[in-house]
Amino acid sequence: MNAGQTTDNAAPDSAAFPVSAQAVSACVQQTVRADVQQTHAYVVADATGLLKLDAMENPHPLPEALKQGLAQRLAEVALNRYPSPESPALEAVLRGATPIPAQAPVMFGNGSDELIHLIIQACCAPGDVVLSPIPTFVMYAVSAQWNHARFVGVPTLPDFSLDMPALLATIETERPKVLFVAYPNNPTGRACRTEDLQALAHAMHPGLLVVDEAYAPFSSSSFMPHVLDLPNVVVVRTLSKQGLAGIRLGYMAGAPAWMAELNKVRPPYNINVLTRAAAEFLLAHHHVLDEQAADLVAQRAELAQQLAQMPGVLQVYDSQANFLIFRVADAAAVFQALRNAGILIKNVSGMHPLLSGCLRVTVSTADENRQFLNALQKVMAS
Ligand SMILES: Cc1ncc(COP(=O)(O)O)c(C=O)c1O
């Protein structure tokens, strides 16, 4: 076949693509939303060849026997069939692994990212307000924007605790439809007080308080047991930080009436058969994941202590999550020097003025934490 020729099924050869790039781009410019055109796709740092401590992943691999069992289980999955719309078996193992009130239905998402998006989609008409304390997880603002809602952020206090008077005043004036509180928060690691969540739910009424517990496996408290105590709360969680980031499975629980409405905007086949089978199999062995999380909590205390003693580290913040943030004089320089030394962490100093000078590092195994600390020590001494 000559270059440029195509069969009925093959994509056209790009060299012989029949329309010019300019013609395509003129159509794109006139059709795609202006705010989409002005932004960048979500950037994921290239970690090739680097020790990856930037994304709050669990560093522990699955034990060999579990890998074998999982491979066998996945081989039996019927890939030719659409997933069934409900996931009763998955829900049953999840309830065995996590204390979710029995009367609270569960809805699954393609990561909790999808659930955040669906909540806003279900609740917000164009221009409605989505509120969150900031700095926080960036997807609340991003999802609000793509759903034509208006994101309002209320800065925390300098120690990253909630500014309750400011939040309550903003709820009063803006009447948000949805308030997201990450509990514990990313990127600060701080968990607010349970009483504050209750007060916020009361103030938000009838609007929805979403308690995002992505880091619950590492935290000493959870709002999940209270999710049915108030009429306007849902709790969102994920398996990502527990060692299963790759399968993309989030879930949320709340009162039946909330779940029934939120379920209406869920794409029918959002949880693929492989994800469902893997989660079912692995949650039946959740003690393995729980032990890994417990190890990371112990490592967090050790890492925080070592960081606090490191010359050049100005401040280390208490964290209830599987990461720590710490402040240095020049975050960009330290970040780059660590990267040059083969270690990838996250420079969060540009996210918000309160985070100026701050870097975020994922808590890892004792060995990887040691590699990070050794590299940081050299960077600080140079
Ligand atoms: C607070 C918070 N919520 C949700 C997520 C998204 O998690 P998932 O991997 O389930 O989409 C993250 C990811 O970093 C997060 O920090």
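Residues numbered from 1 in each chain as written. Predicted model: local features only at pLDDT ≥ 70, side-chain atom pairs only at ≥ 80, totals over all residues. Heavy atoms only, no water.

Quick word on the overall build of the protein chain
The cut-off we apply is this: Under the DSSP-based scheme used, a helix requires at least four consecutive residues in state H or I and a strand at least two consecutive residues in state E, with every element numbered from the N terminus. Atoms counted for the radius of gyration: C-alpha only. Globule rule: 2.2 Å times the number of residues to the power 0.38. It only takes one pair of heavy atoms within 4.5 Å for two residues to be counted as in contact. Residue exposure ignores everything except the shown protein chains as possible cover, and the areas themselves are Shrake-Rupley values with a 1.4 Å probe.
Tallying secondary structure elements over the protein chain gives 13 helices and 13 strands in all. At 23 Å, the protein chain has a C-alpha radius of gyration in line with the 21 Å of a compact globule built from 382 residues. The C-alpha extent of the protein chain, read off along each of the three principal axes, is 65 × 55 × 50 Å. Long-range contacts, defined as pairs at least 24 residues apart, comprise 71% of the intrachain contacts of the protein chain with a sequence gap of at least 6. Accessible surface, the protein chain: about 18200 Å² in total, of which carbon and sulfur atoms supply 55%.

Re the domain arrangement of the protein chain
Here is the rule we go by: The start and end points of each domain follow an automatic or database-based domain assignment. Each of two parts loses accessible area, computed with a 1.4 Å probe, when they are put together; buried area is these two losses added. By definition here, a salt bridge exists when the distance from a side-chain nitrogen of Lys or Arg to a carboxyl oxygen of Asp or Glu is within 4 Å. Each polar contact in these results corresponds to two N or O atoms within 3.5 Å; when the atoms are within protein, one needs to be able to donate a hydrogen and the other to accept it, and residues that are neighboring in sequence are counted only if both atoms are side-chain atoms. All residues other than Ala, Val, Leu, Ile, Met, Phe, Trp, Tyr, Cys, Pro, Asp, Glu, Lys and Arg, Gly among them, are scored as polar; the first ten of these are nonpolar and the last four charged.
Domain annotation of the protein chain identifies domain 1 (51-61 + 287-381) and domain 2 (79-284). Residue-level contacts link 25 residues of domain 1 with 26 residues of domain 2. For the pair domain 1 and domain 2, the summed buried surface comes to about 2000 Å²; carbon and sulfur atoms form 65% of the total. It is Leu289, Gln320 and Leu354 in domain 1 that bury the most area against domain 2; as a group they hold 31% of the surface buried on that side. Viewed at the interface, domain 2 and domain 1 are joined by zero salt bridges. Between domain 1 and domain 2 we count six residue pairs in polar contact (both at pLDDT 80 or more) in total. Elements that contribute at least two residues to the side of domain 1 that touches domain 2 include exactly α11 (286-309) and β10 (323-327). Of all the elements, α11 adds the most residues to the side of domain 1 that touches domain 2, at seven residues. Within the side of domain 1 that touches domain 2, the residues separate by chemical class into 14 nonpolar, six polar and five charged.

Regarding unusual backbone geometry
With glycine set apart, most residues show a phi of negative sign, and most peptide bonds adopt trans. In the segment running from Tyr183 into Pro184, the intervening peptide bond is cis, with an omega of 0°. Mapped onto the secondary structure, Pro184 falls in the loop between β5 (178-182) and α8 (194-204). For the peptide bond that leads from His205 to Pro206, omega is 10°, which places it in the cis range. Of note, Pro206 is situated in the loop between α8 and β6 (208-212). A positive phi angle, near 55°, is found at Met56, a position not held by glycine. Inspection of the secondary structure assignment puts Met56 in the loop between β1 (51-52) and α3 (64-75). We note that Phe160 has phi near 70°; this positive angle belongs to a residue other than glycine.

Focus: the sheet that holds strand β8 (residues 250-254)
Rules: In this analysis, strands are considered paired if DSSP registers two or more bridges between them. Angular values range over 0 to 180 degrees, each being the angle between N-to-C directions of two axes fitted as lines to C-alpha atoms, with helices fitted over their stretch in contact.
The strand order β2-β8-β7-β6-β5-β3-β4 describes an open sheet built from seven strands, whose pairing is mixed. Bordering the open sheet on either side are β2 (106-109) and β4 (150-155), each of which pairs with just one other strand. Put simply, the sheet's adjacent strands are angled 25° from each other on average, direction ignored. Judged from the two bridges that link them, strand β3 (residues 129-134) and β5 form a sheet pairing that is parallel. Each residue of the ladder has a partner; that of Leu131, found in β5, is Leu179. Across the face of the sheet, helix α9 (residues 256-264) comes into contact with β2, β6, β7 (233-238) and β8 while running at roughly 140° to β8.

Digging into the pairing of β7
Let me state the cut-off plainly: Accessibility here uses a 1.4 Å probe with only protein chains present; expressed as a share of the type maximum, an area under 20% marks a residue as buried, one over 50% as exposed, and anything in between as partly exposed.
Most of β7 is tucked away, with six of its six residues classed as buried. What you see with β7 is no split at all: Val233, Val235 and Arg237 on one side and Val234, Val236 and Thr238 on the other are buried throughout. Judged from the four bridges that link them, β6 and β7 form a sheet pairing that is parallel. From the neighbouring strand, Leu209 faces β7, where its bridge partner is Val233. For β7 and β8, the ladder comprises five bridges, and the chain directions are antiparallel.

Notes on the side chain of Ser143
Summarising the element assignment, Ser143 is placed in helix α6 (residues 139-146). Ignoring any residue separated from it by four or fewer positions in sequence, one finds Ser143 in contact with Ile116, His117 and Ile120.

Quick look at the pairing of β3
Heads up, the rule is: The crossover handedness rule: strands pointing away from the viewer, path from first strand over the helix to second strand clockwise, crossover right-handed.
Taken across its six residues, β3 has six buried, putting it largely inside the fold. Burial along β3 is two-sided: the residues Val129, Leu131 and Pro133 and Val130, Ser132 and Ile134 are all buried. Examined bridge by bridge, β3 and β4 share six bridges and lie parallel to one another. Looking across to β4, one finds that Ser132 is bridged to Gly153. Taking the sense of rotation as the criterion, the β-α-β connection linking β3, α6 and β4 turns out right-handed.

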